[in-house]
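Examination of the molecular architecture
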Amino acid sequence: MVIGFAVFAFLGYVVCLVPARRCHRDIGGFRRSLWVGYGNRDHWRTSIVLAYMAFGWPSLVVMLQWRTGTTRAALVELRTDMRAEANAHR
């Protein structure tokens, strides 16, 4: 039983390391000024770290929520619009 749990925890940490790290960097890739009205970037980053610390597997749930959620989609759209507007002024 103990060995099974240790294997489960170890696999969670190994399997979820790359997705959790990529999600953490993706969240951090949006400037703070974009987050006004969409929530708190630090809460998302903290939740992915805490979920990873809980044997890794919960970080997949947080990552999927981030990737498929409306917050990321709205931030991507806003960032694209701001870049287009900045390029139009040049």
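The model shown is predicted, which means the values in this text are computed figures rather than measured ones. (Residues numbered from 1 in each chain as written. Predicted model: local features only at pLDDT ≥ 70, side-chain atom pairs only at ≥ 80, totals over all residues. Heavy atoms only, no water.)

Time to look at the pattern of salt bridges. Summed over all chains, the structure comprises three salt bridges. Across the salt bridge formed by Asp26 and Arg67, the nearest N and O atoms sit 3.1 Å from each other. Here the residue Asp26 occupies a position in helix H1 (residues 2–28), and Arg67 occupies one in helix H3 (residues 57–68), the gap between them amounting to 41 residues. We classify Asp26 as buried; its relative accessible area is 18%. (Salt bridge = Lys/Arg side-chain N within 4 Å of Asp/Glu carboxyl O. Helix = DSSP H or I, 4+ residues; strand = E, 2+ residues; numbered from the N terminus. Buried < 20%, exposed > 50% of the residue type's maximum accessible area, 1.4 Å probe, protein only.)

Time to look at helix H2 (residues 41–53). In this model H2 runs 19 Å from its N-terminal to its C-terminal C-alpha over 13 residues, within 8% of the 18 Å that 1.5 Å per residue would give. Among the residues making up H2, those that are buried are Arg41, Trp44, Ile48, Ala51 and Tyr52. Burial along H2 is one-sided: seen end-on, the buried residues are contained in an arc of 105°. Turned more than 90 degrees off the buried face of H2, the exposed positions are His43, Leu50 and Met53. Of the surrounding elements, those touching the buried residues of H2 are H1, H3 and helix H4 (70–88). The backbone nitrogen of Asp42 has a side-chain oxygen 2.9 Å away, supplied by the residue at the start of H2, namely Asn40. Positive backbone phi, approximately 70°, marks Phe55, located one or two places after H2. (Expected span 1.5 Å × (residues − 1). Arc of directions from axis to C-beta. Contact = heavy atoms within 4.5 Å. Polar contact = N/O pair within 3.5 Å; in protein donor to acceptor, adjacent residues only side chain to side chain.)

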